[in-house]
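What follows is each chain in one-letter form.
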Amino acid sequence: MTETATSRPAAPPPKELLALDPKEESEFRKKVQAVKKRPKKVSSLSPGVVYVAHLPKSLGEKELKIYFQQFGKILRLRLARSKKTGSSKGYAFLEFECDEVAKIVAETMNNYLMRERLIKCQLMPPEKVHQCLFSGSQRKFKEPTFPATQRYNMVHTAEGTAKMTSKLLRKEAKLRKRLAASGVDYEFPGFAAQVPKKIKTDNADVSTCSDITPLCTPSVLERRKSQIRPGEDDEEEDDEVTVRLPAGLGLGDDEEAEGDSSEEEVDCVVVSEEPSEGDKAE
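Residues numbered from 1 in each chain as written. Predicted model: local features only at pLDDT ≥ 70, side-chain atom pairs only at ≥ 80, totals over all residues. Heavy atoms only, no water.

Enquirer: Outline the overall build of the protein chain, supporting the account with residue identities and numerical values.
Expert: Summing up its helical and strand segments, the protein chain has nine helices and seven strands in all. Counting the 282 residues in the protein chain, one finds 16% classified as buried. For the protein chain, long-range pairs separated by at least 24 residues make up 56% of all intrachain contacts whose partners lie at least 6 apart in sequence. Total accessible area on the protein chain is roughly 25000 Å²; 53% of this is exposed by carbon and sulfur atoms. (Helix = DSSP H or I, 4+ residues; strand = E, 2+ residues; numbered from the N terminus. Buried < 20%, exposed > 50% of the residue type's maximum accessible area, 1.4 Å probe, protein only. Contact = heavy atoms within 4.5 Å. Areas by Shrake-Rupley, 256 points an atom, 1.4 Å probe, with all protein chains shown as cover.)

If you want it as structure tokens, here you go:
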């Protein structure tokens, strides 16, 4: 016994809508077509932004996104960082897909203890959300290779210190000019008072070396000779004084016996300095 396959009857086509008044049939069909072409309304969710402060410095973008994603989908996240050091400033902005979720996050996470810190959460109203608030949030953060803390805490060489000092003095000079141009009469010590002044020595005979060395160089001798007047040469030659001492003064007994018959004269030459003004007056 064989079974014959029975085919199901096809579904009837949908009935067309007809107007009650046959005279208005054409106008009614136009309205029906306009309603069919109308796009379907999709219930769109309005996003909400949450401001989070007092965050631990060790939390980054990745950790914040993983932690706050348990409440709902995060569209954008921006963690404030220092441009000089690259470290976190301790506050961030999170944009959730739904404003209701953002409201729940602000109420739940406010005064929440996280790594020995009470974080603060606040729902930002839409009129206070700036259009450039999340600018650059999609780019991956790159730590600076030579941050400012490392640059200023390094051991500077003498050349680097001089360069930094000149830069500070130039900035201070520009500031003084701007104050003077604005009519502000204000004097302050500034960096110029901290820089040691260079002492100019007019005496060329003063040696700058730490070792004490005689100044009998040929250039010094020539300079001294040129400073002597022509009439002073004869006076310098007559500055020798001859002193005659008895022969027995300061001698031994044997020499005294030999010196009885004849007295020996001992000449001592004493070089005297130039006579003072008082001696010249006498």
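Enquirer: An account of the pairing of strand β2 (residues 74-81) is requested, with residue identities and associated values reported.
Expert: Summarising the sheet, β2 and strand β3 (residues 88-96) pair through six bridges and their orientation is antiparallel. Paired with Ile74 across the two strands is Phe96, which belongs to β3. (Pairing = 2+ DSSP bridges.)

Enquirer: Kindly report on helix α5 (residues 158-181), identifying the contributing residues and their values.
Expert: Across its 24 residues, α5 extends 35 Å between first and last C-alpha, which sits within 8% of the 34 Å expected from 1.5 Å per residue. Within two residues after α5, Gly183 carries a phi angle of roughly 85°, on the positive side. (Expected span 1.5 Å × (residues − 1).)

Enquirer: Can you break down the sheet that holds β2 residue by residue, with the values?
Expert: Read from one edge of the open sheet, five strands run β2-β3-β1-β5-β4, paired in antiparallel fashion. Each edge of the open sheet carries a strand with a single partner, namely β2 and β4 (112-113). Bridge count for strand β1 (residues 48-53) against β3 is five bridges, and the pairing is antiparallel. Counted as the bridge partner of Val52 is Ala92 from β3. Its contacts with the sheet put helix α2 (residues 61-68) on β1, β2, β3 and β4, and the angle it makes with β2 is roughly 140°. (Axes fitted to C-alpha atoms, helices over the stretch in contact; angles between N-to-C directions.)

Enquirer: How would you explain a nonpolar patch on the surface if you had to name every residue and give the values?
Expert: Taken together, the side chains of Met164, Leu168 and Phe191 make up a nonpolar region of the molecular surface, amounting to roughly 230 Å² of accessible area. In this fold, Met164 is placed in helix α5. (Patch = residues over 30% accessible without salt bridge, like charges linked within 9 Å, V, L, I, M, F, W, Y side chains within 5 Å. Salt bridge = Lys/Arg side-chain N within 4 Å of Asp/Glu carboxyl O.)

Enquirer: Can you lay out the packing of aromatic side chains for me, pointing to particular residues and giving the numbers?
Expert: Inspection of every chain in the model, using the stated rule, returns seven aromatic pairs. Their ring planes at 50° and their centres at 6.2 Å tell us that Tyr51 and Tyr91 sit as a pair that is tilted. Note that Tyr51 is positioned in strand β1 and Tyr91 in strand β3, a separation of 40 residues in sequence. Classification of Tyr51 by relative accessible area gives partly exposed; the value is 27%. (Phe/Tyr/Trp six-rings, centres within 6.5 Å; stacked < 30°, edge-to-face > 60°.)

Enquirer: So what's going on with the side chain of Glu95? Which residues, and what values?
Expert: Following the sequence through the fold, Glu95 ends up in strand β3. Excluding anything up to four places from it in sequence, Glu95 contacts Pro47, Gly48, Val49, Lys73, Ile74, Leu75, Arg76 and Phe134.

Enquirer: Tell me what's going on with the nonpolar core, and back it up with residues and numbers.
Expert: Among the nonpolar cores identified, the biggest contains 18 residues, and Leu55, Leu64, Phe68 and Phe96 are the most heavily contacted of them. If we ignore the near neighbours within four places in the chain, the residues touching Leu64 are Leu55, Leu59, Leu77, Leu79 and Ala92. (Core = buried A, V, L, I, M, F, W, Y, C linked by side-chain atoms within 4.5 Å.)

Enquirer: Summarise a positive patch on the surface; cite the residues concerned and give the values.
Expert: The grouping of Lys84, Arg151, Lys163, Lys167, Arg170, Lys171, Lys174, Lys177 and Arg178 at the surface amounts to a positive patch. In terms of residue count, the dominant contributor to the positive patch is α5 (seven residues). The topology assignment puts Arg170 in helix α5. (Lys, Arg positive; Asp, Glu negative; His and termini not counted. Charge placed at Lys NZ, Arg CZ, Asp CG, Glu CD.)

Enquirer: How would you explain the pattern of salt bridges if you had to name every residue and give the values?
Expert: Going through the model one piece at a time under the given rule, you end up with four salt bridges. Across the pair Glu95 and Arg76 runs a salt bridge, and its minimum N-O distance is 2.6 Å. Of the two residues, Glu95 sits in strand β3 while Arg76 sits in strand β2, which places them 19 residues apart along the sequence. Across the salt bridge formed by Glu172 and Arg176, the nearest N and O atoms sit 2.7 Å from each other. Highlighted residues: Glu172 and Arg176, both in helix α5, separated by four residues, approximately one helical turn. With relative accessibility at 7%, the residue Glu172 sits in the buried group. One salt-bridge network, held together by shared partners, links Glu172, Arg176 and Glu187.

Enquirer: Before we move on, could you go through the pairing of strand β5 (residues 118-124) and cite the residues and values that matter?
Expert: As paired strands, β1 and β5 are joined by five bridges and run antiparallel to one another. For Val49, the partnering residue across the bridge sits in β5 and is Met124. The pairing of β4 with β5 spans two bridges and is antiparallel. Counted as the bridge partner of Leu113 is Leu118 from β5. A loop of four residues connects β4 with β5, the two strands running antiparallel in sequence, and Arg115 in this loop sits at a positive phi of about 50°.

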